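# Report on the structure
Each chain, letter by letter, is given below.
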Amino acid sequence: MFGHKPTQSSTATVALALILVVGVAGACGSSPATTATTTSITAGSTSTSSAAQTTTSEAALMNFKVYLARSGYLYTVARQTNFSPAIARAAMTSLLAGPLPAETSLGISSAIPSATELLGVSIANQTATVNLSGEVQSGGGSLSVALRLAQITYTLTQFPSVSNVVLEINGQAVTVFGGEGLVIDHPMTRSDFQGVIAPIFVDNPAAFSKVSDNFKVSGTANVYEAVFWAQLIDPSGKIVFSQREQASSGTGTRGSFSFSAGYPSAAQGLGLLKVFDYSAKDGSVENVMEVPLHLN
């Protein structure tokens, strides 16, 4: 396994000019409050990630994800580009470009050094081989190294044609990576990076995606008894969806989850999906992950 579990708190709050005061108290399993006091979120105040020209029609665009970092964990953001058959190259190019200014303001970053260049990417037999410049190894401790390799692996394995990733640097296969001397003795897969995945990890929808009523939410969780809560907060600060969810496994074993979230037709603009669980020790809210979404 690559990577180490971060020491940072997993309860960081997305700074969306949104002050949430959600009444969540009591022991594990109690129902969260259904109202919140907030400042108003201005629809469209945080722009959707897009590499496309504004004159390009929606039909000519492709949607994909890039995996960046937030609070020491992997974090998924939406990207869009002009149609291209080389979608893996487009995704890697977008990943190496790093977060957009609006994302940076929310604490989203990249562990990949900004000077890193994409020298090539190819796919054969479910393996993506990505060739990067030597800057990809520059600096960083063990957490940074694990995050940058996870960013690359997750970004490429989002596509059905890729299940594992081989890393090359300046055309040479890598077996020992970075100053930390991380040994890479096999093609990298998502399972190698559990240490940099949040206890409750929303993979879909990606941050700043456009969603409609009854949109699907999916990801993985490793929490007490596999139970967690999901809330959707509209642009006015009102909780319009609140539901207890359960992953396929938990308490030491990461399981998957999938559910649908609905909201009133009047709730349009920049909203917030929030997932969390309760501490088995004292009932406090913990393991918070927040995903800003455009409600259409």
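This text follows the structure it describes.
Just so you know, these numbers come straight off a predicted model, no measurement behind them. (Residues numbered from 1 in each chain as written. Predicted model: local features only at pLDDT ≥ 70, side-chain atom pairs only at ≥ 80, totals over all residues. Heavy atoms only, no water.)

### Re the packing of aromatic side chains
The following threshold applies: Stacked, tilted and edge-to-face pairs are distinguished by plane angle, under 30 degrees for stacked and over 60 for edge-to-face with tilted covering the rest, among Phe, Tyr and Trp rings (Trp via its six-membered ring) whose centres lie within 6.5 Å. The way it works is that DSSP assigns letters per residue, a run of H or I at least four long becomes a helix, a run of E at least two long becomes a strand, and they are numbered from the N terminus. Type-normalised accessible area, obtained with a 1.4 Å probe on protein chains alone, sets the label of each residue: buried when under 20%, exposed when over 50%, and partly exposed for intermediate values. Placement of a charge over a ring requires the Lys NZ or Arg CZ to be within 6 Å of the ring centre, with the centre-to-atom vector within 35 degrees of the ring normal.
The full count for this structure, using the stated rule, is eight aromatic pairs. Ring centres of F215 and Y263 lie 6.4 Å apart, and the angle between their planes is 55°; on these two criteria the pair is classed as tilted. Of the two residues, F215 is situated in strand β14 (residues 215–221) and Y263 in the loop between β17 (255–261) and β18 (269–278); the sequence distance between them amounts to 48 residues. The class of F215 is buried, set by a relative accessible area of 7%. With relative accessibility at 6%, the residue Y263 sits in the buried group. Taking the centre distance of 6.1 Å and the plane angle of 25° together, the rings of F257 and F259 count as stacked. Take F257 and F259: they sit in the same class, and that class is buried. Members of the aromatic cluster, each reached through a chain of ring pairs, are F228, F241, F257 and F259. Looking at R70, its charged tip hangs above the ring of Y75, at a distance of 5.9 Å from the centre. Positioned above the aromatic ring of F276 is the side chain of K274, whose terminal nitrogen or guanidinium carbon lies 5.6 Å from the ring centre.

### With respect to the pattern of salt bridges
Going by this rule: Each reported salt bridge corresponds to a side-chain nitrogen of Lys or Arg within 4 Å of a carboxyl oxygen of Asp or Glu.
Under the criterion given, the structure shown has three salt bridges. Across the salt bridge formed by E103 and R79, the nearest N and O atoms sit 2.8 Å from each other. One end of the pair, E103, is in helix α2 (residues 101–104); the other, R79, is in strand β4 (residues 73–82), and 24 residues separate them in sequence. In this structure, E103 and R79 share a single accessibility class: buried. Between R190 and D203 there is a salt bridge; the shortest N-O distance is 3.4 Å. One end of the pair, R190, is in the loop between β11 (182–183) and β12 (200–204); the other, D203, is in strand β12, with 13 residues separating them in the sequence. Judged by relative accessible area, which is 23%, R190 ranks as partly exposed. Judged by relative accessible area, which is 11%, D203 ranks as buried. Look at the salt bridges and you will find they share partners, linking K65, R190 and D203 into a network.

Honestly, that's just the spatial picture; any functional story needs more than this.
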